[in-house]
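Survey of secondary and tertiary structure
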Amino acid sequence: MDQLIYAQEHGIDVDVEGVSYSERRPGDVVAVMQRGNYMVDYESDYRGRITAIHINSIDPS
């Protein structure tokens, strides 16, 4: 949750399954993630600063 709040405060793009959640409350993202198994990937620029957070479901099989 802290990472999502930080991302929102710093204009870092957040998407869940390719759908933008950047304009939604961080709690909305957490609610979606509680429905299944998710993996978080971080995208960075050439300096290593995080520019986007991608959240995708993981198939448990």
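Throughout what follows, the structure given in this document is the object of discussion. (Residues numbered from 1 in each chain as written. Predicted model: local features only at pLDDT ≥ 70, side-chain atom pairs only at ≥ 80, totals over all residues. Heavy atoms only, no water.)

Structural notes on the side chain of aspartate 15
Among the structural elements, aspartate 15 can be located in strand E1 (residues 13–16). Buried within the structure, aspartate 15 lacks any salt-bridge partner; arginine 24 is the closest side chain of opposite charge, at an N-O distance of 12 Å. In this structure the side chain of aspartate 15 is engaged in a polar contact, spanning 3.4 Å, whose partner is the backbone nitrogen of glycine 18. In contact with aspartate 15, other than residues within four places in its own chain, are Ser20, Tyr21, Ile53, His54 and Ile55. (Helix = DSSP H or I, 4+ residues; strand = E, 2+ residues; numbered from the N terminus. Buried < 20%, exposed > 50% of the residue type's maximum accessible area, 1.4 Å probe, protein only. Lys, Arg positive; Asp, Glu negative; His and termini not counted. Salt bridge = Lys/Arg side-chain N within 4 Å of Asp/Glu carboxyl O. Polar contact = N/O pair within 3.5 Å; in protein donor to acceptor, adjacent residues only side chain to side chain. Contact = heavy atoms within 4.5 Å.)

Looking at the nonpolar core
Residues Leu4, Ala7, Ile12, Val14, Val16, Tyr21, Val29, Val32, Ile53 and Ile55 constitute the largest nonpolar core, which totals ten residues. Elements with a contribution of two residues or more to this core: helix H1 (2–9), E1, helix H2 (26–33) and strand E4 (50–57). Beyond its immediate sequence surroundings of up to four residues, alanine 7 is in contact with Ile12, Val14 and Ile53. (Core = buried A, V, L, I, M, F, W, Y, C linked by side-chain atoms within 4.5 Å.)

Focus: unusual backbone geometry
Despite not being glycine, glutamate 17 shows a phi value in the positive range, around 55°. Note that glutamate 17 resides in the loop between E1 and strand E2 (19–20).

Side note on the environment of isoleucine 58
Residue position: isoleucine 58 is located in the segment after E4. Taking the C-alpha atoms as reference points, isoleucine 58 and tyrosine 38, separated by 20 residues in sequence, lie 5.4 Å from one another. Excluding its chain neighbours within four sequence positions, the residues that come into contact with isoleucine 58 are Asn37, Tyr38 and Met39.

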